[in-house]
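This is what each chain is made of:
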Amino acid sequence: MLPGHRGTPAYITPATPPTTGGSGLRGAGVAVLVDGCFWHSCPQHLHLPRANRERWRAKLASVVARDRDTDAGLAGAGWTVVRVWEHEPPARAAARVLAAVRRGEAGGRTSLVEQRCGRRVTDAGASRGAGPRS
């Protein structure tokens, strides 16, 4: 999790269908969705089961189509969507999320840290593992 940002799991906004495997950083307007390689058809790790290949191909295609609908719904509601593959190194995923947060801040949005404390989110804070207290 990014310093100063508390995630909102699953149901991100009423404008979108319920989504699991994700978190919304409301202050930054960033929705982070974690996709499993099998169910979301990762180009690196996709492998169809041997039995009922056509059924699985159609099922997985419907999951990918639902992902695109979710992305469009979130974007239409003003969210920036960051999708992370389950195999993606956590540091790389966090850097992509932080970049999206910063782009949102550059576009006039302020982070929760700024709203509450008046201080900026920094790379140094993210790398130290600083974050919200439980």
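See the structure shown above.
Residues numbered from 1 in each chain as written. Predicted model: local features only at pLDDT ≥ 70, side-chain atom pairs only at ≥ 80, totals over all residues. Heavy atoms only, no water.

A. Up close: unusual backbone geometry. With a phi close to 60°, serine 41 is a non-glycine residue in the positive phi region. Following the sequence through the fold, serine 41 ends up in the loop between β3 (30-35) and α1 (53-76). Even without being a glycine, asparagine 52 presents a positive backbone phi close to 55°. Residue placement: asparagine 52 occurs in the loop between β3 and α1. By relative accessible area, asparagine 52 is classed as exposed at 52%. (Helix = DSSP H or I, 4+ residues; strand = E, 2+ residues; numbered from the N terminus. Buried < 20%, exposed > 50% of the residue type's maximum accessible area, 1.4 Å probe, protein only.)

B. Looking closely at the pairing of strand β4 (residues 80-85). Pairing geometry for β3 and β4, over 6 bridges, is parallel. Across the sheet, residue aspartate 35 finds its bridge partner in β4, namely tryptophan 85. (Pairing = 2+ DSSP bridges.)

C. Layout of the nonpolar core. Within the largest apolar cluster, 10 residues are counted, these being Leu25, Ala28, Val30, Val32, Val82, Val84, Ala93, Val97, Ala100 and Val101. When residues of this core are traced back to their parent elements, those giving at least two are β3, β4 and α2 (90-106). (Core = buried A, V, L, I, M, F, W, Y, C linked by side-chain atoms within 4.5 Å.)

Everything listed here is a matter of coordinates, which is why it stays silent on function.
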